[in-house]
Amino acid sequence: MTQINAHYLKLQGSYLFSTIGKKVAAYKEAHPSQKVISLGIGDVSQPLVPAVVKALRAAVDEMGNADTFRGYGPEQGYSFLREAIAKADYQARNIAIDKDEIFISDGAKSDVANFQELFSSQVKVALQDPVYPVYLDTNVMAGRTGVFQEGRFTNLIYLSCTEENNFMPQIPAEHADIIYLCSPNNPTGAALNREQLTSWVKYAQANESIILYDSAYEAYITQPKIPHSIYEIAGAEKVAVEFRSFSKTAGFTGTRCAYTVVPRGVQVKDEQGSTHSLRDLWLRRQTTKFNGVPYIVQRGAEAVYSEKGQAQIRAVILQYMQNAHIILEALKTAGIRAFGGENAPYIWLKTPGGLKSWDFFEILLENAQVVGTPGVGFGQCGEGYFRLTAFNTPQLTQEAAARITQLKF
Ligand SMILES: *Cc1c(COP(=O)(O)O)cnc(C)c1O
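The rules behind the values
- For every chain, the first residue of the written sequence is number 1, and numbering continues from 1 onward in sequence order.
- Confidence filtering applies because this is a predicted model: local features only for residues at pLDDT of at least 70, side-chain atom pairs given and counted only at 80 or more, and all residues used for totals across whole chains, interfaces and linings.
- The basis for the side-chain values is all heavy atoms of the structure; hydrogens and waters are excluded.
- Only DSSP runs of H or I with at least four residues qualify as helices, and only runs of E with at least two residues qualify as strands; both kinds are numbered from the N terminus onward.
- Method remark: on a 1 Å grid restricted to protein atoms, a set of points is classed as a cavity if a 1.4 Å probe fits but cannot get out and as a pocket if it is open with protein on both sides within 12 Å along at least five of seven lines; lining residues have an atom within 4 Å of a point.
- Grid points are joined across faces, edges and corners, and a volume is the space filled by probe spheres set on the points.
- Throughout this entry, Asp, Glu, Lys and Arg are counted as charged residues, while Ala, Val, Leu, Ile, Met, Phe, Trp, Tyr, Cys and Pro are counted as nonpolar. The remaining residues, Gly among them, count as polar.
- As annotated, the domain borders come from an automatic or database domain assignment.
- Any two cysteine sulfur atoms within 2.5 Å of one another count as a disulfide.
- In this analysis, two residues are considered to be in contact whenever any of their non-hydrogen atoms come within 4.5 Å of each other.
- Throughout, buried area stands for the accessible area (probe radius 1.4 Å) lost by two parts on being put together, summed over both.
- Any residue with at least one heavy atom within 4 Å of a molecule or strand is counted as near it.
- A 3.5 Å cut-off defines polar contacts: any pair of N or O atoms within that distance qualifies, except that in protein one atom must be a possible hydrogen donor and the other a possible acceptor, and neighbouring residues in sequence count only when both atoms are side-chain atoms.
- Using a 1.4 Å probe, the Shrake-Rupley method yields the accessible areas, and only the shown protein chains count as cover for residues.
- The way we define it, a molecule is inside a pocket or cavity when more than half of its atoms are within 2 Å of that pocket's grid points.

Overview of unusual backbone geometry
Cis geometry marks the peptide bond from aspartate 129 to proline 130, where omega comes out at 5°. With respect to the element layout, proline 130 can be found in the loop between strand 3 (125-129) and helix 5 (133-141). At asparagine 94, a residue that is not glycine, the phi angle is positive and equals roughly 60°. Checked against the element boundaries, asparagine 94 lands in the loop between helix 3 (79-90) and strand 2 (102-105).

Shown next as structure tokens:
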């Protein structure tokens, strides 16, 4: 029989959301009259904004007309979208990123998952705990980790993010070749400030390492001390790759469009010590394995940058952030310590009375009919924590908050 990639067998079961689904379904069946509200999943609830819908419709018409029909597009993405991104997200912030350093894709998840294949299987990886599972699992699949022992993989650097360090990844004592940073963070909602991000860029310069910077929640930043891009930090253009997405910014979770920035200045070396451009390697990878994002979708993404599009998406994001404040206030009233929710649509709470994450899940479901995500599902450091999201509608968020306020511990 054909042999498999044995590293897949090291993967820990990703039962988190299916276990939650089963428990919620069982509860609903036993309590059919109870209305369960989910503050669990990291998916948006509001529809695409009118400016985007209009652009999508116009692009559909173009595709149905022989004169304006388009077949395969450029693998790196259409120039019109890459230019709009370079101008609005970088040049407007005095960051010298140009359109040829931007790669359009169908998702930040796939890009951040695929990017590691450019590096040797020997490189040492550092990632946060709790963590967005994609960074971990893709490196397990690629064979960069050892075995799973006592809740963690060997041969991996875990950056523990705890209440003691304000859920901020600390610079490790040892050398890492690749560092995954997610800011604003899923699941903790914590965001690195300028000073903290500068220390990571300095570490990467000193160690000749590369930072893979996931800023899928950049649009949720409210505080001026939080950089919107890692390239706001001098020198980052030589050590960092940035992942961004229209998913949470503009409700594209089902429409699919994202982008990755690989500046020309980022260099990697081969076994002989000769240097290569990481941007050129990623271009080679994309042209070989990817055929681009639909023209229609890229026109929709372009409309996010129009004046109307910006005003409309800002209003939706503001609404989500108001939800976040409603949840934070309710937790405060209930006497529960909570974090995040300022620069991210996630609230990370400390379970009261030292409850385990899953025990708190049960209590919240039984007593408030509210669903959230047990923190331990994101890593060892998440035990005793719990994630709530601000992505539900204002009405249901308010109702969930009112129920949380009534909780007694
Ligand atoms: C939602 C999310 C993304 C976005 O993924 P897409 O594939 O673009 O939808 C990326 N990173 C993190 C941490 C996320 O939570």
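Focus on the layout of surface pockets
Size it by volume and the largest pocket reaches roughly 1300 Å³. Lining of the largest pocket is provided by 44 residues; of these, Phe17, Tyr132, Pro133, Val134 and Phe378 occupy positions nearest its centre. Elements supplying a minimum of two residues to the lining of the largest pocket: helix 1 (16-30), helix 4 (108-114), helix 5 and helix 7 (246-250). Here the element with the most residues in the lining of the largest pocket is helix 5; it accounts for 6 residues. Of the residues contributing to the lining of the largest pocket, the split by class is 21 nonpolar, 15 polar and 8 charged. Split by domain, the residues of the lining of the largest pocket number at least three in each of domain 1 (6-47 + 308-405) and domain 2 (52-306).

Observations regarding the state of the cysteines
With the rule as written, the count across this model stands at 0 disulfides. For cysteine 182, which is in no disulfide, the shortest distance to another cysteine sulfur is to cysteine 161 and amounts to 10 Å.

Side note on the domain arrangement of the protein chain
The domain architecture assigned to the protein chain consists of domain 1 (6-47 + 308-405) and domain 2 (52-306). Computed from C-alpha coordinates alone, the two centres of domain 1 and domain 2 are separated by 25 Å. Contact residues are listed per partner, giving 34 residues for domain 1 and 44 residues for domain 2. Together domain 1 and domain 2 conceal approximately 3300 Å² of surface at their shared face, both sides included; 58% is due to carbon and sulfur atoms. On the domain 1 side of the contact with domain 2, Asn343, Phe378 and Cys381 bury the most area, a combined 20% of that side's loss.

Examining the site of the ligand
With respect to spatial proximity, 14 residues lie near the ligand, and among them Tyr217, Ser245, Ser247, Lys248 and Arg256 are the closest. Side-chain polar atom of aspartate 214 to a nitrogen atom of the ligand: 2.7 Å apart, as the coordinates give it. One of the side-chain N or O atoms of tyrosine 217 is found 2.6 Å from an oxygen atom in the ligand. In isolation the ligand exposes 390 Å². Once the protein is present, 93% of that is buried. More than half of the atoms belonging to the ligand lie within 2 Å of the grid points that define the largest pocket. For the shell around the ligand, the elements supplying multiple residues, two or more each, are helix 4 and helix 7.

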